[in-house]
Amino acid sequence: QVQLVESGGGLAQAGGSLRLSCAASGPIFSINIMDWYRQAPGKQRELVAIISSGGTTNYADSVKGRFTISRDNAKNTVYLQMNSLKAEDSAVYYCHAELQLRTTMRTYSYWGQGTQVTVSS
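Structural notes, computed from the coordinates. (Residues numbered from 1 in each chain as written. Predicted model: local features only at pLDDT ≥ 70, side-chain atom pairs only at ≥ 80, totals over all residues. Heavy atoms only, no water.)

Attention shifts here to the sheet that holds strand S1 (residues 3–7). Pairing between the strands of a sheet comes from backbone hydrogen bonds, and it takes one of two forms, parallel or antiparallel. Pairing is antiparallel in the open sheet, where four strands are placed in the order S1-S3-S8-S7. The sheet is open, and its two borders are formed by S1 and strand S7 (67–72), each paired with just one other strand. Going across the sheet, the axis of each strand differs from the next one's by a mean of 15 degrees, ignoring polarity. In this sheet, strand S8 (residues 77–82) lies alongside strand S3 (residues 18–25) in antiparallel orientation, the contact comprising six bridges. Its bridge partner being in S8, Leu 18 is matched across the sheet by Met 82. (Pairing = 2+ DSSP bridges. Helix = DSSP H or I, 4+ residues; strand = E, 2+ residues; numbered from the N terminus. Axes fitted to C-alpha atoms, helices over the stretch in contact; angles between N-to-C directions.)

Given below as structure tokens:
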């Protein structure tokens, strides 16, 4: 069974930094896209950043210039470096991956359990 496990969330002050990690495990043949979403209380879930297997990235306008997404293909892990944090960045952050299973050679979508990020102003 495939699992996505997030870590690195917690408390930070405005202007500070956090680094989120998401490690995928299981019978994985390849990972196409890995991305990060976030959801604040009472708000819709939104895409924060996305990275392809070839390294192409895209960011939400609200985090552009402050956040950096990267991946280590050998470790099946995606990272989100969050700098210059603002109070409005507070949310539950979810890791997502589009990957191909070794057992079926078909592509599936998986979600992590989420990790809380709280930024104090």
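This next bit is on the pairing of S1. Here S1 shows a clear split, with Leu 4 and Glu 6 buried on one side and none of Gln 3, Val 5 and Ser 7 buried on the other. In this structure, S1 lies alongside S3, joined through five bridges in antiparallel fashion. The partner of Gln 3 across the bridge, within S3, is Ser 25. (Buried < 20%, exposed > 50% of the residue type's maximum accessible area, 1.4 Å probe, protein only.)

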